[in-house]
Amino acid sequence: MEPTKIKILLTGATGYIGGSILAKLLGNPRFPTFNITAIVRSEEKADKLRSLNVNAVVGSLSDQAFLERLASESDIVISTADADNLDSAVATLRGLKKGYEATSVPPIFIHTSGTGVLADDARGMYPTETIYDDLNIEQIESLAPTQIHRNVDLALVNADTEGYIRSYIVLPSTIYGIAENKLVDMGIQNAHSIQVPFLIKAALDRGQGGMVGEVADIYILVLEAILSNKNPGHGREGFYFGENGEHTLYDVGKRISEIVVELGLGKSPEPTSFTKEEIDKYFSGSSYLGSNSRCRANRARNLGWKPTKTTKDLLDSLEAETKVLLKSHPK
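In what follows, the accompanying structure is described. Given the structure is predicted, the values throughout are model-derived calculations rather than measurements.

Parameters at a glance
- Residues numbered from 1 in each chain as written.
- Predicted model: local features only at pLDDT ≥ 70, side-chain atom pairs only at ≥ 80, totals over all residues.
- Heavy atoms only, no water.
- Pairing = 2+ DSSP bridges.
- Helix = DSSP H or I, 4+ residues; strand = E, 2+ residues; numbered from the N terminus.
- Axes fitted to C-alpha atoms, helices over the stretch in contact; angles between N-to-C directions.
- Contact = heavy atoms within 4.5 Å.
- 1 Å grid on protein atoms, 1.4 Å probe; cavity = no way out; pocket = protein on both sides within 12 Å on 5 of 7 lines; lining within 4 Å.
- Points joined across faces, edges and corners; volume = space filled by probe spheres on them.
- Left-handed = near helix turned anticlockwise from the far one by under 90°.
- Nonpolar A, V, L, I, M, F, W, Y, C, P; charged D, E, K, R; others polar.

Looking now at the sheet that holds strand β3 (residues 55-58). Spatially, β3-β2-β1-β4-β5-β7-β9 is the arrangement adopted by the seven strands of the open sheet, whose pairing is parallel. On the outer flanks of this sheet lie β3 and β9 (239-242), each paired with one strand and no other. Averaged over neighbouring strand pairs, the angle between their axes works out to 15° when direction is ignored. Pairing analysis gives five bridges linking strand β5 (residues 108-112) to strand β7 (residues 166-172), with the strands arranged parallel. Paired with F109 across the bridge in β7 is S167. Along the sheet, helix α6 (residues 150-162) contacts β5, β7 and β9; its crossing angle with β7, the most-contacted strand, is approximately 155°. Helix α9 (residues 216-227) contacts β1 (6-11), β2 (34-40), β4 (76-79), β5, β7 and β9 of the sheet and is inclined by roughly 170° relative to β5.

The next point concerns empty space enclosed by the protein. Size it by volume and the largest cavity reaches roughly 100 Å³. Forming the walls of the largest cavity are 14 residues, and the residues nearest its centre are T11, S79, S88, A89 and T92. For the lining of the largest cavity, the secondary-structure elements that each account for two or more residues are β4, α4 (86-103) and β5. For the lining of the largest cavity, the element with the most residues is α4, which contributes three residues.

Further remarks concern the environment of K24. As for its placement among the helices and strands, K24 is situated in helix α1 (residues 16-26). Sequence separation between K24 and N181 is 157 residues, and the spatial gap between their C-alpha atoms is 9.1 Å. Beyond its immediate sequence surroundings of up to four residues, K24 is in contact with A216, D217 and I220.

As a packed pair, helix α3 (residues 64-72) and α4 sit with axes 7 Å apart at the nearest point and diverge in direction by 40°. The hand of the α3/α4 crossing is right-handed. Of α4, the residues touching α3 (which contributes Q64, L67, E68, A71 and S72) are D87, S88, A91, T92, R94, G95, L96, K98 and G99. Partitioning the contact of α3 with α4 into residue classes produces four nonpolar, six polar and four charged.

In structure tokens:
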């Protein structure tokens, strides 16, 4: 009799983070023991994923009944699609609770939040001395429920406290670089992150920079620790930051400015502050990229996470990404 496979539901499989996680799962020695279901939006990408022995289903996170049903049939949910979609998180929790009621075994919910939950309202005007440590439970619990991402994070922690799930929340910081793996090559995964391309596109448009990695490994380490019965921290103790050093958006803006000048498209190698009109145009009115968000990923490191990319790698990656984005930038 064939052993029962571990049923994993993955959302955001075609995105930058989700695709990177899925690529690592496909190459994981445990892959033959996994039954992975990925939610996608198109039949074309679903067919491509099926060719990789992934059970792809076409649907939307806004379809709560659909999401609840899939979650109820899952042992593990890895959510990477939308850190702020409370409705989909609650629908997933309802499904996982049904699974728990049927088996008495708490399913696993690995969720993608972000260090934006630590952000203040500096608007690029001042630094902060506050550094959050993911081992400091009281410090994390001092965060206001009104902080970005926090309402979803709290819903998972509360469900863990009730006992019908085990929650593990991964909080990436600035994600950068161009993804390179089989899913990108097949046209399944988005190769670009969000924050850095926003800044590059704005710089290409205005002719000047402005101011306002390895993260997928954390998910795999958390999953491996769970499957190996190492009992990694969950619930209140289940926040895993993703950081390796610090950078300022001035440094990023300056390097982008220099690159734009080197390409013969810029006004000055020095970045300037975005105007209110530009913030509205490029960032939908949000000053988020001008906030302070400092943390230390000690809990993730205790699991064995060993990030090698540094701030220098971030700055060095900007030239290649600018050149790629330039090809699709309106002339």
